[in-house]
Structure formats: structure tokens, C-alpha cells
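Geometric and topological summary
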Amino acid sequence: MDKKVIDGYVFASSLDAKLAIKEQSAIRKIQDSLDINNMENVYETYNKLVTKNYFSTPVGMSFLHEMRDYLKQYYGEEELAPIFVADKNKRNENNTLMELNYKQLERLKAENNRLSNIKQKLIIAVVSMVIIIVGMVFIVITNENLGYFNAEEKVLNKYSAWQERLEGWEEELIQREELLNK
């Protein structure tokens, strides 16, 4: 990201630059919605922004400083809340927290990879099962014996044909015997 200069300030990291861009858009929204002629509204807005530490980059701090200078014309120094500036130690703690977030991100990436592998294995298993089921259905459809549904009828038909042949042979034998006996 090459846009590290925001509102005349150069930022060392793209993360700080993104934060400054967010603050810059928030400042524009505040300026658009704020009636500069209504001092009470400007004073309340300033106090809310300062007490909630809404801004942390130099872009936001300069906006708060401009608001403070404007309000000094109508209010005394003691009536205006001081602007809180994070010290360098806080900044290091934030960087440490960011490193922890990167560690968590790495853990989440590893977990995501593990779950992706499991997902692939499950997809392969499901596809295999579908192929097996389709194969079984194909075998049932193309099999002439269709299992046990018509088995008894087929056996009876087969034996009845044998029985007819045997009866035919028996009649022939009886006729031959009669011929031999005559």
C-alpha cells in the first residue's frame, strides 16, 4: 500500500494509515453534521470525542486540537477537557497485542487447513458411497433374477418343465415296455 501519507502525515505502517483514513472520514462526517454556530453542540461533541478517546492518530489529534482552539474563544482552559495522547508504552502494548492477533491468525489458518483436509476426505467418502449405491441399483435393475421376489415362481416353473419332460419320458418308456411285452 503506497498511500502512507494522509492529511500531511506520513505513517510507518499501512495499518496506521488505514486507521488515519477511517479517522479522516469520521472527521468529515462530524464536520458535515456539526453546526459551528451552536457552541453548546460543538462543546458537547468535543467532550464526547475527548472522553471516549475516539481519535488516536495525528490526523484525529489535530482535528481535536483545532476544535479546542476554536472553543477557547468561548470557554476557559479549565472548562475544556484535555486531549489524551497515548504514551509510547501503550503503543508497544498495542503492538504486542497485534502480534498475539497474528499468532491467533496463524492458529486459525492451521485449523482452517486441517478442516479443509477433513472436508476433502468427507467429500471423497460421500462420492464413493454414492458410486457404490448407484452400482447396487444398477445391479438390481440389470439382474434377471431380481433376488427373492420371483424365486419361488422361477423354481416352480423350472421344475414343472422337468416334470413335463419326465412325464413324457415315462410315457415313452411305458409304450416301449408295452411293445416289448407284446
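Residues numbered from 1 in each chain as written. Predicted model: local features only at pLDDT ≥ 70, side-chain atom pairs only at ≥ 80, totals over all residues. Heavy atoms only, no water.

1. Digging into the confidence of the model for the protein chain
Should the pLDDT be low somewhere, the predicted coordinates at that spot are not to be read in detail. Filter applied, for reference: Scored from 0 to 100, pLDDT records how confident the predictor is in each individual residue. Contacts are assigned to residue pairs with any non-hydrogen atoms lying within 4.5 Å of each other.
Confidence in the prediction of the protein chain, expressed as mean pLDDT, is 83, and 86% of residues score 70 or more. Low confidence marks residues 88-97, where pLDDT is under 50. Its contacts with residues over four positions away, or in another chain, come to one contact.

2. Observations regarding the packing of helix H1 (residues 14-33) against helix H3 (residues 58-71)
Just so we agree on the cut-off: A fitted line through C-alpha atoms serves as each axis, taken over the contacting stretch for helices, and the angle formed by two N-to-C directions is quoted from 0 to 180°. Each helix is a run of DSSP H or I of at least 4 residues and each strand a run of E of at least 2, with the numbering of both proceeding from the N terminus. Geometric relationships in this document are graded by angle, where less than 35 degrees denotes roughly parallel, more than 145 denotes roughly antiparallel, 65 to 115 denotes roughly perpendicular, and other angles denote oblique. Amino acid classes used here: Ala, Val, Leu, Ile, Met, Phe, Trp, Tyr, Cys and Pro are nonpolar; Asp, Glu, Lys and Arg are charged; the rest, including Gly, are polar.
Packing of H1 against H3 brings their axes to within 8 Å, and their N-to-C directions diverge by 30 degrees. Between H1 and H3, the crossing angle belongs to the class labelled roughly parallel. When H1 is examined against H3, the residues Ala20, Glu23, Gln24, Ile27, Ile30 and Gln31 are found in contact with a partner set consisting of Val59, Gly60 and Phe63. Its residues placed into classes, the contact of H1 with H3 shows five nonpolar, three polar and one charged.

3. Description of the pattern of salt bridges
Where we set the bar: We define a salt bridge as a contact between a side-chain nitrogen of Lys or Arg and a carboxyl oxygen of Asp or Glu at a distance within 4 Å. When accessible area is computed with a 1.4 Å probe and restricted to protein chains, residues below 20% of their type maximum are described as buried, those above 50% as exposed, and intermediate ones as partly exposed.
Taken as a whole and assessed by the stated rule, the structure comprises five salt bridges. In this structure, Arg114 engages Glu111 in a salt bridge whose closest nitrogen and oxygen atoms are separated by 2.7 Å. Of the two residues, Arg114 and Glu111 are both situated in helix H4 (residues 88-142); the distance of three residues between them amounts to about one turn of the helix. The salt bridge partner of Glu172 is Arg176, with a shortest N-O separation of 4.0 Å. Pair noted here: Glu172 and Arg176 are both in helix H5 (residues 151-181), with a separation of four residues, about one helical turn. Residue class for Glu172 comes out partly exposed when judged on its relative accessible area of 41%. Among the residues examined, Arg176 registers a relative accessible area of 52% and is labelled exposed. Here the salt bridges share partners, and the residues they tie into one network are Arg68, Asp69, Lys72 and Glu77.

4. Looking at the environment of Gln24
Within the secondary structure, Gln24 sits in helix H1. Accessibility expressed as a relative area gives 18% for Gln24, which makes it buried. When the C-alpha atoms of Gln24 and Gly60 are compared, they prove to be 7.0 Å apart, with 36 residues separating the residues in sequence. Aside from chain neighbours lying at most four places away, what touches Gln24 is Ile6, Asp7 and Val59.

5. Concerning the environment of Leu80
Of note, Leu80 is situated in the loop between H3 and H4. Placed 30 residues apart in sequence, Leu80 and Val50 show a C-alpha to C-alpha distance of 9.6 Å. Sequence-distant contacts of Leu80, that is, excluding residues within four places in its chain, are made with Tyr43, Tyr46, Arg68, Leu71, Lys72 and Tyr75.

6. So, the side chain of Arg68
By secondary structure assignment, the location of Arg68 is in helix H3. Apart from residues no more than four positions distant in its own chain, Arg68 is found in contact with Tyr46, Glu77, Leu80, Ala81, Pro82 and Ile83.

7. Structural notes on the packing of helix H2 (residues 39-51) against H3
Note the cut-off: In this scheme, a crossing is called left-handed if the near helix is turned counterclockwise away from the far one by less than a right angle; it is called right-handed if the turn is clockwise.
Contact pair H2 / H3: the axes reach a minimum separation of 11 Å and the direction vectors enclose 140 degrees. By the angle between their axes, H2 is oblique relative to H3. As H2 runs across H3, the sense of the crossing is left-handed. Contacts between H2 and H3 pair Met39, Val42, Tyr43, Thr45, Tyr46, Leu49 and Val50 from the former with Phe63, Leu64, Met67, Arg68, Tyr70 and Leu71 from the latter. Looking at the contact of H2 with H3, its residues break down into 11 nonpolar, one polar and one charged.

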